[in-house]
Amino acid sequence: MSTDNTVHKFVDDAAVIAFVSAHSDQLDLSVPPVVEEIGDGNINFVYRVRDHRGKSLIVKQALPYIRIIGEGWPLSLDRIRIEADVLRSEACWAPHQVPELLYFSPADAAILMQDIGDHQNLRHALIERRELPGLGLQIGDFLAATLFHTSDLFLNSTAKKEQLASFINPDLCGISEEVYFIDPFCDHERNSVNPLLLQEAKQIWADDALRAEVAELKYGFMNRTEALIHGDLHTGSIFVRDGSIKVIDPEFAFCGPVGFDLGTVLANFLLNFSAQLGLPSEMEEKNRYQHYLLQQLRELWNSFSQSFLELAEQKSADAGLASVQWRARKMADFFADMLGYAGVEMMRRTLGIAHVADLEQITDESVRVVSERLSIRLACLLITRRGELSGIEELLKEIQALQQSL
Ligand SMILES: Nc1ncnc2c1ncn2[C@@H]1O[C@H](COP(=O)(O)OP(=O)(O)OP(=O)(O)O)[C@@H](O)[C@H]1O
Ligand SMILES: [Mg+2]
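Just so we're clear, the structure is a prediction, and the values are computed from it rather than from any experiment.

Definitions and limits used
Residues numbered from 1 in each chain as written. Chains lettered and ligands numbered in written order. Predicted model: local features only at pLDDT ≥ 70, side-chain atom pairs only at ≥ 80, totals over all residues. Helix = DSSP H or I, 4+ residues; strand = E, 2+ residues; numbered from the N terminus. Rg over C-alpha atoms; globule rule 2.2 N^0.38 Å. Buried ≥ 20, exposed ≤ 12 C-beta atoms within 10 Å, placed from the backbone. Domains from an automatic or database assignment. Contact = placed C-beta atoms within 7 Å. Near = placed C-beta within 6 Å. Nonpolar A, V, L, I, M, F, W, Y, C, P; charged D, E, K, R; others polar. Pairing = 2+ DSSP bridges. Axes fitted to C-alpha atoms, helices over the stretch in contact; angles between N-to-C directions. Parallel < 35°, antiparallel > 145°, perpendicular 65-115°, else oblique. Left-handed = near helix turned anticlockwise from the far one by under 90°. Core = buried A, V, L, I, M, F, W, Y, C linked by C-beta atoms within 7 Å. Expected span 1.5 Å × (residues − 1).

Visitor: Describe the overall build of the protein, and please don't skip the residues or the numbers.
Guide: For the protein, the helix and strand inventory stands at 14 helices and 12 strands. At 21 Å, the protein has a C-alpha radius of gyration in line with the 22 Å of a compact globule built from 406 residues. Expressed along its principal axes, the backbone C-alpha trace of the protein runs to roughly 65 × 55 × 40 Å. For the protein, the proportion of its 406 residues judged to be buried stands at 43%.

Visitor: Please give an account of the domain arrangement of the protein that cites residues and values.
Guide: If you check the domain split of the protein, you get domain 1 (13–114) and domain 2 (120–405). Look at where the C-alpha atoms of domain 1 and domain 2 centre, and you get two points 27 Å apart. Facing the 16 residues of domain 1 at the interface are 18 residues of domain 2.

Visitor: Please set out the site of ligand 1 residue by residue, giving values where relevant.
Guide: Neighbouring ligand 1 are 21 residues, the closest being Gly41, Asn42, Asn44, Pro99 and Asp249. Contributing elements (two or more residues each) for the shell around ligand 1: β3 (56–61) and β7 (110–114). Looking at the shell around ligand 1, its residues break down into eight nonpolar, eight polar and five charged.

Visitor: Account for the pairing of strand β2 (residues 45–50), naming residues and giving values.
Guide: Sheet analysis places strand β1 (residues 34–37) next to β2, joined by four bridges and oriented antiparallel. Bridged to Glu37 within β2 is Tyr47. Of the pairings in the sheet, the one linking β2 to β3 comprises six bridges and is antiparallel in character. Its bridge partner lying in β3, Arg50 is registered against Ser56. From the end of β2 to the start of β3, which pair antiparallel, there are five residues, and Gly54 there has a positive phi angle of about 95°.

Visitor: Describe the sheet that holds strand β8 (residues 120–121), with residues and values.
Guide: Read from one edge to the other, the open sheet built from three strands follows the order β8-β10-β11, with strand pairing classed as antiparallel. The open sheet is flanked by β8 and β11 (244–247), the only strands paired with a single partner. Summarising the sheet, strand β10 (residues 238–241) and β11 pair through four bridges and their orientation is antiparallel. Bridging from a neighbouring strand, Phe239 pairs with Lys246 of β11.

Visitor: Describe unusual backbone geometry, with residues and values.
Guide: Although it is not a glycine, Arg129 adopts a positive phi angle of roughly 60°. Mapped onto the secondary structure, Arg129 falls in the loop between α3 (122–127) and α4 (135–148). Residue class for Arg129 comes out partly exposed when judged on the 16 C-beta atoms lying within 10 Å of it.

Visitor: How would you explain the packing of helix α11 (residues 324–351) against helix α13 (residues 365–384) if you had to name every residue and give the values?
Guide: With their axes 7 Å apart at the nearest point, α11 and α13 run at an angle of 150° to one another. Comparing the axis directions of α11 and α13 gives the class roughly antiparallel. Judged by the twist between their axes, the crossing of α11 over α13 is left-handed. Across the interface between the two elements, Leu339, Gly340, Ala342, Gly343, Val344, Met346, Met347 and Thr350 of α11 pack against Glu372, Ser375, Ile376, Leu378, Ala379, Cys380, Leu382 and Ile383 of α13. A breakdown of the residues in the contact of α11 with α13 according to their chemical character gives 11 nonpolar, four polar and one charged.

Visitor: Go over the nonpolar core with me, naming the residues and quoting the values.
Guide: In this structure, Val59, Leu266, Leu270 and Ala342 are the most contacted members of the largest nonpolar core, which totals 105 residues. Counting residues per element, this core draws most heavily on helix α9 (residues 258–278), which supplies 12 residues. If we ignore the near neighbours within four places in the chain, the residues touching Leu270 are Ala342, Met346 and Leu378.

Visitor: Got a sec to walk through the sheet that holds β7? Specific residues and values, please.
Guide: As a general point, the strands of a sheet are linked pairwise by backbone hydrogen bonds and lie either parallel or antiparallel. One open sheet holds the five strands; their spatial order is β1-β2-β3-β7-β6, and the pairing between them is antiparallel. Strands with a single pairing partner mark the edges of an open sheet, and in this sheet they are β1 and β6 (101–105). Shown here is a sheet whose adjacent strand axes are inclined to one another by a mean of 20°, direction ignored. Alignment of β3 against β7, held across five bridges, turns out to be antiparallel. Bridge pairing in β7 links Gln61 to Ala110. The sheet contacts of helix α2 (residues 78–93) involve β6 and β7, and relative to β6 the element is tilted by about 155°.

Visitor: With reference to specific residues and values, describe the environment of Cys380.
Guide: You can see Cys380 is positioned in helix α13. By the C-beta count within 10 Å, which is 20 here, Cys380 ends up buried. Discounting chain neighbours no more than four positions away, the residues touching Cys380 are Leu210 and Gly343.

Visitor: So what about the environment of Ala94? Which residues, and what values?
Guide: Position of Ala94 relative to the elements: it lies in the loop between α2 and β6. Sequence spacing of Ala94 and Gly136 is 42 residues, and the spatial spacing of their C-alpha atoms is 15 Å. Beyond its immediate chain neighbours, meaning those up to four positions away, Ala94 contacts Phe142, Ala145 and Thr146.

Visitor: Pulling in residues and values, what's your account of α2?
Guide: Across its 16 residues, α2 extends 23 Å between first and last C-alpha, which sits within 8% of the 22 Å expected from 1.5 Å per residue. Among all positions of α2, only Asp78, Arg79, Ile80, Arg81, Ile82, Glu83, Ala84, Val86, Leu87, Ser89 and Glu90 are buried. Along its buried surface, α2 packs onto β6, β7, α4, α6 (170–181), β9 (227–229) and β11.

Visitor: With reference to specific residues and values, describe the packing of helix α8 (residues 208–223) against α11.
Guide: Contact pair α8 / α11: the axes reach a minimum separation of 10 Å and the direction vectors enclose 110°. Classed by the angle they form, the pair α8 and α11 counts as roughly perpendicular. Where α8 abuts α11, its residues Val214, Leu217 and Gly220 lie against Asp337, Gly340, Tyr341 and Val344.

As structure tokens, then:
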């Protein structure tokens, strides 16, 4: 893999087509196809190449810097190798829940993959208040399958260490370490704070006890190599259709704490939950959707914990990790971590550099502040009380009680 800066962007559509033609015969290129740049993310270039019959494939290319910033923010090309390797790993354990990887070219720092354009971005689906049956359950199963099979409960000791070495991801972990665990908890120049939320933000920045809890979570993020985690599992990385999910964009993956992926998903559902408060619709409709979101979280946690424990029961070979009592204790640790990392994600999406459309669609600052206030109060609850809450039912009660107390 070339990790220097020698890779060049595909110069034109013809170069993208030549890449597809060299590495797949799925498209009929006898008639010139249509190339469209579809990337709505911040970091890479994503193209859809569609042939005259309507069949399409996706090309994703990394450049040695962040797309929307340019050469001023360099970023290792190894991230696209990591993305390709994680897609391969996930395809082993959750084959229908990731786009199929067709080819990875280190020389072009580019991957060729299945087009999952028949699925919708989950963030957009939640913003439209779509109710997808079985959504939480499918996400829970994806997490159980991918996290269990890359943990010490499944891999032997050597394989686990090889995995650890293969997914050292310093550039992208470095970004996360700053934007999750530092910026939102201090008056950082990168932050973007609604002026009407400034009083609450200042209280957070002055809260030493909160900072100690966040330090503990950051230290866990840096040191707890429990499983190969996705590392950026917000609702824009999950695509949905009735009865199906597809998870994309694992370039932030590394061996880290299981609770981080769980927490990122939980947070993004709760950010949408918080946004409902400030949206203009009928109260009844908003309440109904909030209820739907909480039900998905219940199903997500229950399916994750049940599937993970079943997999451990059926497939775990390590005699030293066979204790049922210990496994139950581990599940309680995952739960507490999930809450803590969810709180950090909510805080960074409300006070930090990268906000979410769920909240930003509320254009009036004086209305949005109501939702943002709920978001940061939920975040504080999740971070500070993560070790006390006994399980998902108690958590859901606390979330509803907090909303009613506002
Ligand atoms: N396999 C795919 N099939 C269809 N569309 C895709 C596929 N992969 C990516 N896309 C589209 O391209 C967009 C950007 O992709 P992706 O999130 O992987 O890029 P990124 O540059 O890494 O983004 P980010 O800044 O969020 O990290 C997605 O939101 C989706 O709309
Ligand atoms: Mg990405």
